Amino acid sequence: MNIRNLSIPLATALLAACVTSPTGRSQLMMVSDSQMSQMGLSAFNDMRKQGKFVDAPRERAYATCVSNALIAVLPPPWNTQQWEVQIIGDDTANAFALPGGRIGVNRGMFKLASNQDQLAVVLGHELSHVVSRHGAERVSDNMAAQAAVAAGSIYAGTRGSDAGNAAALLGVGAQVGILLPFSRTQESEADTLGQRYMAQAGFDPRAAVTLWDKMGAQGGSKPPAFLSTHPSSGNRAQALDRQAQQLLPTYQQARASGHAPNCRI
């Protein structure tokens, strides 16, 4: 196959699939919202079948209270979607939100996030991934990277090179040069939007700095910032602190206008 025969339709597909994120960033989108919803629901149901959800009515009611306050300020269609919250029997501090209206919170998160504002930081961040269609973007990025590796391998074969070695090298390049930087961008975008949503919902945006400081203090083995899918802890805390100060009027106005959640465990 001629490399041009593969690259021309690929380039056309990529151009046709460009959209804009809620922060104005250009995104590649090659899968639909309905496809992502099906993936999210399937993944959540698999967790249910595997017995990962635990019967924790107090934690579930608390997480649902915080989630509902955040969902109310999301843009459509997410603010009118039916969302289900489940508690996962895992002691690590983690949570997720999936396309299709599903939220999971590890039991360990309640030990780290000590009040409703800190839990709203986490859930606002995770809901922002869904609103920004980061899952679909990540799938699309992988599809584009795989197509580029295939095209490069075909070209290497026409030049007499070892196509297998070329594919391996191109795969590493795609991972470090395309997929991971986009992942870091997505994490920063979710920080920005999540903090904005929590302020609009009446949660204190300054709690974001406190929570990420707590996470940074947990220590443990961390990959270099260049290879990490998250921004470095120091940079993240500084960015969150700057935005928290800017969002204080939004938070105060939200509280004054009746957005005053009172979620307790």
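Going by the structure above, here's the rest.
Residues numbered from 1 in each chain as written. Predicted model: local features only at pLDDT ≥ 70, side-chain atom pairs only at ≥ 80, totals over all residues. Heavy atoms only, no water.

## As for the nonpolar core
Core analysis: the largest hydrophobic core is formed by 42 residues, its most contacted members being V66, L70, I103 and V105. Residue assignment for this core shows that the elements contributing at least two residues are helix 3 (57-71), strand 3 (84-88), strand 4 (95-98), strand 5 (102-106), helix 4 (109-112), helix 5 (116-131), helix 7 (163-200) and helix 8 (207-217). Residue contributions to this core peak at eight residues, all from helix 5. Those residues in contact with V66 that lie beyond four places of it in its chain are Q116, L119, A120, L123, F203 and C263. In terms of nonpolar packing, the next biggest core, distinct from the first, is built from six residues, F44, M47, F53 and F96 among them. (Core = buried A, V, L, I, M, F, W, Y, C linked by side-chain atoms within 4.5 Å. Buried < 20%, exposed > 50% of the residue type's maximum accessible area, 1.4 Å probe, protein only. Helix = DSSP H or I, 4+ residues; strand = E, 2+ residues; numbered from the N terminus. Contact = heavy atoms within 4.5 Å.)

## Things to note about the state of the cysteines
Here the structure, examined in full by the defined rule, presents one disulfide. With a sulfur-sulfur separation of 2.1 Å, C65 is cross-linked through a disulfide to C263. Its torsion about the S-S bond being -75 degrees, the disulfide of C65 and C263 is classed as left-handed. One end of the pair, C65, is in helix 3; the other, C263, is in the segment after helix 9 (233-256), and 198 residues separate them in sequence. Residue classification places C263 among the buried residues on the basis of a relative accessible area of 6%. (Disulfide = S-S within 2.5 Å.)

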